Amino acid sequence: MRVVGARVAVGRRNLFSERRRGLLGVAGTAAALLLVLAVGAVFDGAMRQITRYIDMQPAQVFVSQLGVRNLHMASSSIPLDALEAIETLPGVTSVAPILFAQDGLETGGGRRLSYVIGYEPGLGGGPAEVETGDEPGPGEIVLDTATAASLGVDTGDPVGALGTSWSVSGLVGNLSNVANGAAFVQLDDFAAARGLPDTASYLLVATDRDPTSVAAAIERETDLSATTREAFSRSERALVSDMIGDVLRIVTGAAWLVGFAVVALTLYAATRSRLREIGVMKALGADRGALSRVVLTQAAWTVGAAVGVAAALTIGVGSLLARTSSPVTMALEPGALVRVAAISMVVGAAASVAPLVKVSRVDPASVFRR
Amino acid sequence: MGREVPVGRRNLLSDRRRVAVSLLGVGLAVALMLLIQGLWSGTLERITAYEDNVGAQLFVAESGTRSFQSDVSAVPPQAVVQVREIPGVETADTIAARQLILELHGTKMPVMLIGSLPGGLGGPWALEAGRAVAADSEVVIDAGLADSHGYGLGDRFELLGAALEVVGLTEDSRALGNGGYIFASLATAGRLLGAPDATSFVLVRTSSPVAVAREIESRTGLEALTAEEIARGDRDLYDDTMGSVIRVMLAIAFAAGTLIVALSVYSSVVDRIREYGIVKALGANRRRLFGIVLAQTVALALAGGVAGLGLFLAAKAAVGAWLPEFHVELPGSLLLAAFVVVATMALVAAVLPARRIGRLDPASVYRG
């Protein structure tokens, strides 16, 4: 707006001249955006955590019973003879058998549904790194930290799984997801507990060639399914998302609706509280475009600052949560942040400009009458 | 002052449009909390539809079993004969039960396959259309599942490589993590699961479940759980895993809602800080001023809570109409909890504006 020769940044000055009011606008908007970002981060964290075990495996190809492309709720059985046949294929550097089951882990302190994985320490298929204690020896079990905390156990404590009792030998980082915890025992122990000699649930194949072509070669040479780690991970996410994603999507969608509605209400109220000043500007000759620019600038500053505050708070809440024993993890994806910022700008702009309709109907002289 | 002036109320109502905006903000936050909790309560209620409705008082399972939905139980086929001989057992029948992943029209979903003896305990409890399974080539599926994927009576339903004829549709009992129940004959379920003689549970009808359960456990070495116990086991497992995500989301909604209430009242206090200064200069003590702020905050939070309840009921109706597989429940205990939550929000939210007024210097109002 041209007032006295030079252009005056009225929107920004308006915001900063009354810092408390400006801060309240930013705080209100940030509270609403915290809701949107944090709930979204819980959803994204839950989805990412579903495939933590798969994603951390160095093996690039997962081999399973024909037609099986998942871990979750899947039942896969492969004769161990298949391992030798796969080992001889060109490009295959190692093959690690694992046994897999979903079972309730039990202690005197509680019960938790968990993936139980039998693997050969040193060969692959186990946890990336044991944080506390050691890899499982005979009769021993390794739990992820969230599962151990939820059951109230530590190294040396007994835990029931697969119909037998184990001693906790070590703890690994949080591998729990929204549906299950994670536990690791030796392959032979698993086979003995479940009566599954000479059988694997999956074979994890490492290769120094293109994993897709190695997977294709395995499917050609055996009666088994072979899936690259990335495709296996995608399939797992899709399954769990189909199973439980809808409820989380409803909650996240509702949080978005509520959050953006509150952003709109806050910025609408912010413009309304300055209607008198805006009326004065109109009386001094500012046209509708100039007035819109003033409130839009104010809205852009408010939303920009609020997005920054809400993102920082979301990251803070996420790191606080990571320090607790909660199995819930939060992941603030950059794409989600950009989407939320863009939508907030649009919603904020529309809500800020809406009260100007009232100004357009006001007689400019009326603002000087009081 | 002869008569007490309701400063808080007058203050709040002086700018009705802003109060309306604040109420809507608080209401939306409360509605979100109720919706999250309602969805979760509905899910937990539906997840145990089989245990609640099948008509068995006892579930006899492999030792150590706690959950019907998640544990893989296997009992010896002859166990049912032993159970039937126990005094007090009116009926006892075996079932095979297993969660499976079905892929229909590109969507994977877990379903619970139940195999039971035609005419025995364990079959569908409420049919919307058709009849129960009478032959090994037949299947009864969930009405919601059938509706979503275009199946009707007489259609062929592909299950683990077998084509079965749909002869009945049960009422929609889909829930989070369970795409519905599929009922087949015990023989068919055993064949499809690759274990023709497999028995997962023995279901028992009895009028004295506790005594009969004790007797079954001592005679067979199996686990005998009442329907309530096994349903509680399922709910606890779900609540322990998925529930933790829901609780974090609820806590975030509570924190955001509290901030919105606090900021609404704080901005109304800041806008009238001069008036509060005058009230303080006229002799009002901190307690009286805090009372004014608290009254405003509580009024705003409670009115927002009522608005939130209205918005929640609208959202519940919308979810029921558009997403019938999701059940939103608002038990009385949840309403009471919501009232406590809103009151807590108000008390926490009052701290910020009360501190501002507490620090106010009465002389400042005369400085212009």
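Residues numbered from 1 in each chain as written. Chains lettered and ligands numbered in written order. Predicted model: local features only at pLDDT ≥ 70, side-chain atom pairs only at ≥ 80, totals over all residues. Heavy atoms only, no water.

A. Broad picture of the overall build of chain B. Looking only at helices and strands, one finds 11 helices and 10 strands in chain B. Computed over C-alpha atoms, the radius of gyration of chain B comes to 29 Å, more than 25% over the 21 Å expected from 2.2 N^0.38 for 368 residues, which places it beyond the range of a compact globule. Taken along the three principal axes of its C-alpha coordinates, chain B extends 90 × 45 × 30 Å. The buried share of chain B, taken over its 368 residues, is 54%. Of the contacts made within chain B by residues no fewer than 6 positions apart, 81% connect residues no fewer than 24 positions apart. Accessible surface, chain B as shown: approximately 15,600 Å² in total, 56% of it carbon and sulfur. (Helix = DSSP H or I, 4+ residues; strand = E, 2+ residues; numbered from the N terminus. Rg over C-alpha atoms; globule rule 2.2 N^0.38 Å. Buried < 20%, exposed > 50% of the residue type's maximum accessible area, 1.4 Å probe, protein only. Contact = heavy atoms within 4.5 Å. Areas by Shrake-Rupley, 256 points an atom, 1.4 Å probe, with all protein chains shown as cover.)

B. Structural detail: helix 9 (residues 273-281) of chain B. All names here are of chain B. Looking only at helix 9, the buried set comprises Ile273, Tyr276, Gly277 and Lys280. In a view along the axis of helix 9, the buried residues occupy a sector of 105°, so they form one face of it. Just downstream of helix 9, glycine 283 is the residue with a positive phi angle, here 115°. (Arc of directions from axis to C-beta.)

C. Examining the pattern of salt bridges more closely. A complete count under the given rule lists 11 salt bridges over all chains for this structure. Between glutamate 333 of chain A and arginine 48 of chain A there is a salt bridge; the shortest N-O distance is 3.1 Å. Taken together, the residues span a long stretch of sequence, with glutamate 333 of chain A in the loop between helix 10 (288-323) and helix 11 (334-353) and arginine 48 of chain A in helix 2 (residues 19-49) at a distance of 285 residues. The class of arginine 48 of chain A is partly exposed, set by a relative accessible area of 45%. Salt bridges linked by common partners bring Glu106 and Arg111 of chain A together with Arg66 and Glu223 of chain B together as one network. (Salt bridge = Lys/Arg side-chain N within 4 Å of Asp/Glu carboxyl O.)

D. Structural view of the pairing of strand 6 (residues 110-119) of chain A. All names here are of chain A. Counting buried positions along strand 6 gives nine out of 10 residues, so the element sits mostly inside the fold. Sheet topology note: the strand 5 (residues 92-107)/strand 6 ladder contains nine bridges and is antiparallel. Paired with glutamate 106 across the two strands is arginine 111, which belongs to strand 6. Connecting strand 5 to the next strand, strand 6, in antiparallel fashion are two residues. Pairing geometry for strand 6 and strand 11 (residues 181-186), over six bridges, is parallel. Among the inter-strand pairings, valine 116 is bridged to a residue of strand 11, identified as alanine 183. (Pairing = 2+ DSSP bridges.)

E. Representation of the interface of chain A and chain B within the structure. The interface of chain A with chain B comprises 49 residues on the first partner and 47 residues on the second. When chain A packs against chain B, close to 4,200 Å² is buried across both sides, 75% of that on carbon and sulfur atoms. There are one salt bridge connecting chain A and chain B. Ionic pairing is found between glutamate 106 of chain A and arginine 66 of chain B, a salt bridge with its closest N-O pair at 4.0 Å. Inspection of the chain A/chain B interface yields zero residue pairs in polar contact (both at pLDDT 80 or more). Within the residue set of the side of chain A that touches chain B, elements represented by two or more residues are helix 2, strand 5, strand 6 and helix 8 (229-272) of chain A. Ranked by residues supplied to the side of chain A that touches chain B, first place goes to helix 8 of chain A with 20 residues. (Buried area = accessible area lost by both parts, 1.4 Å probe. Polar contact = N/O pair within 3.5 Å; in protein donor to acceptor, adjacent residues only side chain to side chain.)

F. Spotlight on the confidence of the model for chain A. Per-chain confidence: chain A averages 86 in pLDDT, with 92% of residues scoring 70 or above. When the criterion is pLDDT under 50, residues 1-5 of chain A qualifies, and its contacts beyond four places in sequence or with other chains add up to seven contacts. (pLDDT = per-residue confidence, 0-100.)

G. Structural context of the nonpolar core. Ranked by internal contacts, the top residues of the largest apolar core, which has 98 residues, are Leu35 and Leu248 of chain A together with Met249 of chain B. Looking at this core element by element, the count peaks at 18 residues for helix 8 (residues 227-271) of chain B. Among residues more than four places away in sequence, those in contact with methionine 249 of chain B are Val39, Val42, Phe43, Leu248, Val251 and Thr252 of chain A together with Ile36 of chain B. Counting residues in hydrophobic clusters, the runner-up holds 25 residues, among them Tyr151, Phe157, Ala162 and Leu192 of chain B. (Core = buried A, V, L, I, M, F, W, Y, C linked by side-chain atoms within 4.5 Å.)

H. Representation of the packing of aromatic side chains. Residues and elements named next belong to chain B. Within this structure, the stated rule accounts for 19 aromatic pairs over all chains. Ring centres 4.8 Å apart and planes at 5° place the aromatic pair tyrosine 50 and phenylalanine 68 in the stacked group. Of the two residues, tyrosine 50 sits in helix 3 (residues 49-53) while phenylalanine 68 sits in the loop between strand 1 (58-61) and helix 4 (79-84), which places them 18 residues apart along the sequence. Aromatic side chains phenylalanine 59 and phenylalanine 201 sit 6.2 Å apart centroid to centroid with 80° between the ring planes, which places their arrangement in the edge-to-face category. Of this pair, phenylalanine 59 sits in strand 1 while phenylalanine 201 sits in strand 9 (residues 201-206), and the two are 142 residues apart along the sequence. Residue classification places phenylalanine 59 among the buried residues on the basis of a relative accessible area of 0%. Taken together, Tyr50, Phe59, Phe68, Trp125, Tyr181, Phe183 and Phe201 form an aromatic cluster joined through their ring pairs. (Phe/Tyr/Trp six-rings, centres within 6.5 Å; stacked < 30°, edge-to-face > 60°.)

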